[in-house]
Amino acid sequence: LEAARHEVSTMKLQLEQARAQLSVSQQAHAEAVTRETVLIKEIKDLKAKSVELGDGEEKLRREHRMKLEDFRSEYEAEIARLKNTHKAEMERHLDMATQSHEENKKRTQRELTSEIARLQEELDKNKEELRSLQLKMQSIREEVQMEERASMQSHVDSLKETQRNERDWLK
């Protein structure tokens, strides 16, 4: 039971570690979103300049599209990397937790099997002792019955003798 409690405690710790890693991944995602927001703001600023300048508008749009595509590519690559990293970490933690759980399950099963065998041996020993005691009790009962019969027979013989003596005396 103590081993099971320890296993549960270990699994809770692993779960907390996994949650902390998830939090780090979520924070990185939030930073990427913030960067995207900053980039979007920069793009808006560039558009405003383009409108003000008028003649460089098409050029600025092309630059804006290129930057946006670059930033979007970077953002998507970063998100994919974070997702893959997070997924790999979670799978690794899950594998470790599963392996630990399986090892603990096997160890607990071995301990239970050993305990069952010990208890079965103890039960067999107690059954044998009980049989021995039952045989002793039966033997004692038989002895008591034989003694009671002998005593009763002796008493009956004594009564018969007394009756014979009384008859002989009366004659």
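Note: the structure precedes this text.
In this text, all values refer to a predicted model and were calculated from it rather than measured experimentally.

Undergrad: Which residues make up the overall build of the protein, and what are the values?
TA: Helix and strand counts for the protein come out as two helices and zero strands. Since a compact globule built from 171 residues should have a radius of gyration of about 16 Å, the 48 Å found for the protein marks it as more spread out than a globular shape. Each of the three principal axes of the protein carries a C-alpha extent, and together these read 165 × 25 × 20 Å. Residue burial in the protein is summarised as follows: out of 171 residues, 11% are buried. Look at the contacts in the protein between residues 6 or more apart in sequence, and 70% of them connect residues 24 or more apart. Of the roughly 14,500 Å² of accessible surface on the protein, a fraction of 56% belongs to carbon and sulfur atoms. Of the side-chain charges in the protein, 33 are positive and 37 negative, and the distance between the mean point of each set is 3 Å.

Undergrad: Before we move on, can you summarise a negative patch on the surface with the specific residues and values?
TA: A cluster of like negative charges, contributed by E142, E143, E147 and E148, occupies part of the molecular surface. The residue E143 is located in helix α2 (residues 57-170) in this model.

Undergrad: I'd love a proper account of the pattern of salt bridges, names of residues and values included.
TA: This model, assessed by the stated rule, comprises 10 salt bridges. A salt bridge links R81 to E78, with the nearest nitrogen and oxygen atoms 2.8 Å apart. Highlighted residues: R81 and E78, both in helix α2, separated by three residues, approximately one helical turn. In this structure, the salt-bridge partner of E102 is K105, at a minimum N-O distance of 3.9 Å. With E102 and K105 both in helix α2, this residue pair falls three residues apart, about one helical turn. Overall, the relative accessible area of 31% leaves E102 in the partly exposed class. By relative accessible area, which is 47% here, K105 ends up partly exposed. A single network of salt bridges, built from pairs that share partners, joins E115, R118 and E122.

Undergrad: Before we move on, could you go through the side chain of E7 and cite the residues and values that matter?
TA: Mapped onto the elements of the fold, E7 is located in helix α1 (residues 2-53). Within the buried set, E7 has no salt-bridge partner at all; the shortest N-O distance to an opposite charge, 5.4 Å, is to R107. Residues in contact with E7, not counting those within four places in the same chain, are H101 and N104.

What counts and what doesn't
Residues numbered from 1 in each chain as written. Predicted model: local features only at pLDDT ≥ 70, side-chain atom pairs only at ≥ 80, totals over all residues. Heavy atoms only, no water. Helix = DSSP H or I, 4+ residues; strand = E, 2+ residues; numbered from the N terminus. Rg over C-alpha atoms; globule rule 2.2 N^0.38 Å. Buried < 20%, exposed > 50% of the residue type's maximum accessible area, 1.4 Å probe, protein only. Contact = heavy atoms within 4.5 Å. Areas by Shrake-Rupley, 256 points an atom, 1.4 Å probe, with all protein chains shown as cover. Lys, Arg positive; Asp, Glu negative; His and termini not counted. Charge placed at Lys NZ, Arg CZ, Asp CG, Glu CD. Patch = residues over 30% accessible without salt bridge, like charges linked within 9 Å, V, L, I, M, F, W, Y side chains within 5 Å. Salt bridge = Lys/Arg side-chain N within 4 Å of Asp/Glu carboxyl O.

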